[in-house]
Amino acid sequence: MKKSLLLIFILILVPTILAIETNLKQEYKPGETLILEISGINQLKASDVLFYSGRAFIPMVYDVGKIKDKFYLYSLLPDKERNYTLIIDNSKFDFSVHGNTTSFSVNPGFIITNKDFKINVTAFKSTTIKSEFLDKTEEFSLTQNKEKILLFSVSDINNFTTTNLILSDDKTKYEIPVAIFKETTSQTEISPELRFSKSFFNFTVLKDKEFSFPLTIINTVQENIENISFSTDLKMIILPETIELIEAGSSKE
């Protein structure tokens, strides 16, 4: 009887554990843009994704999106060497950030669009990168510690199209998923423009004592967002009451 019960539990648990699959690497370079393809899951929201180092929650600039039947996640990794745990819908994946700083990073790490788009490239050293997109190849010079905005046109695309934008130099290569669609296409999902870094908190608060905590808000799109204001029905004070500007792909506390 015990053997039969054990076998039943194994058959039930194994599919659950193996449901989510990703192409996560074991190691990334400091400053690198993590770009993941995720399958084996029916729904994924940005709030289902968390980054930890040990027991410490790590705020990240990241976003998720869906193209056809697959989800994509990108994140701008810190330039600090450490081990991380990525949690996707309660499934844990470990990786490390180690070694020499990457030559450049990209933001965003996937594109879902019906118009021309841009990629923000940050150079950690001076280099020349090559872009390959829709049978067109270009080269761009990058200056150390400078950002460069690269523009790409989709004006010749008339139907729903999925492809990759490749950006590379002699040491770093990114394959950025791109979905191009028209207004009537319903095969894509776009995340909200602004998102808090964490969807819930768990605190112990003493009665009649002042208590404060930090919260990070992230701009997940390619455009600057201005004149952001906050309000709440709770008995609390939000500081600052307004944020004049959050630049594309950046965050503010």
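Placed above this text is the structure.
What comes next is a walk through the structure. Per chain, residue numbering runs from 1 following the sequence as it is written. Whole-chain, interface and lining totals are the exception, using all residues; otherwise, since this is a predicted model, local features are given only for residues with pLDDT of at least 70 and side-chain atom pairs are given and counted only at 80 or more. Water and hydrogen atoms were dropped before computing side-chain values, which therefore reflect all heavy atoms in the structure.

**Describing the packing of aromatic side chains**
Right, so step 1: Only rings of Phe, Tyr and Trp enter the pairing, Trp through its six-membered ring, and a pair is recorded when the two centres are within 6.5 Å. The plane angle decides the type: under 30 degrees is stacked, over 60 is edge-to-face, the rest tilted. In the structure shown here, the tally under the stated rule is nine aromatic pairs.
Right, so step 2: Relative to F152, the ring of F117 lies with its centre 5.5 Å away and its plane at 25 degrees, an arrangement referred to as stacked. With a gap of 35 residues between them, F117 in strand β12 (residues 117-123) and F152 in strand β15 (residues 147-152) connect regions that are remote in the sequence.
Right, so step 3: Burial status follows relative accessibility: with a 1.4 Å probe on protein chains alone, a residue under 20% of its type maximum counts as buried, one over 50% as exposed, and anything between as partly exposed. With relative accessibility at 4%, the residue F117 sits in the buried group.
Right, so step 4: Take F152: its relative accessible area is 5%, and that puts it in the buried class. Helix numbers and strand numbers start at the N terminus; a helix is a DSSP run of H or I with at least 4 residues, a strand a run of E with at least 2.

**Overview of the sheet that holds strand β20 (residues 217-219)**
Whether parallel or antiparallel, the strands of a sheet pair through hydrogen bonds between backbone atoms.
Right, so step 1: Strand pairing is defined by DSSP finding a minimum of two bridges between the two strands. The antiparallel open sheet is built from three strands, whose spatial order is β19-β20-β23. The open sheet terminates on both sides in strands that have one partner only, identified here as β19 (194-196) and β23 (251-252).
Right, so step 2: Where β20 and β23 come together, two bridges link them in antiparallel fashion. Bridged to I217 within β23 is K252.

**Some remarks on the environment of F93**
Right, so step 1: In this fold, F93 is placed in strand β9 (residues 91-97).
Right, so step 2: On the basis of relative accessible area, F93 is assigned to the buried category, the value being 17%.
Right, so step 3: Note on definitions: a residue-residue contact is assigned when non-hydrogen atoms from the two residues lie within 4.5 Å. Apart from residues no more than four positions distant in its own chain, F93 is found in contact with I20, T22, L24, Y84, T85, L86 and I88.

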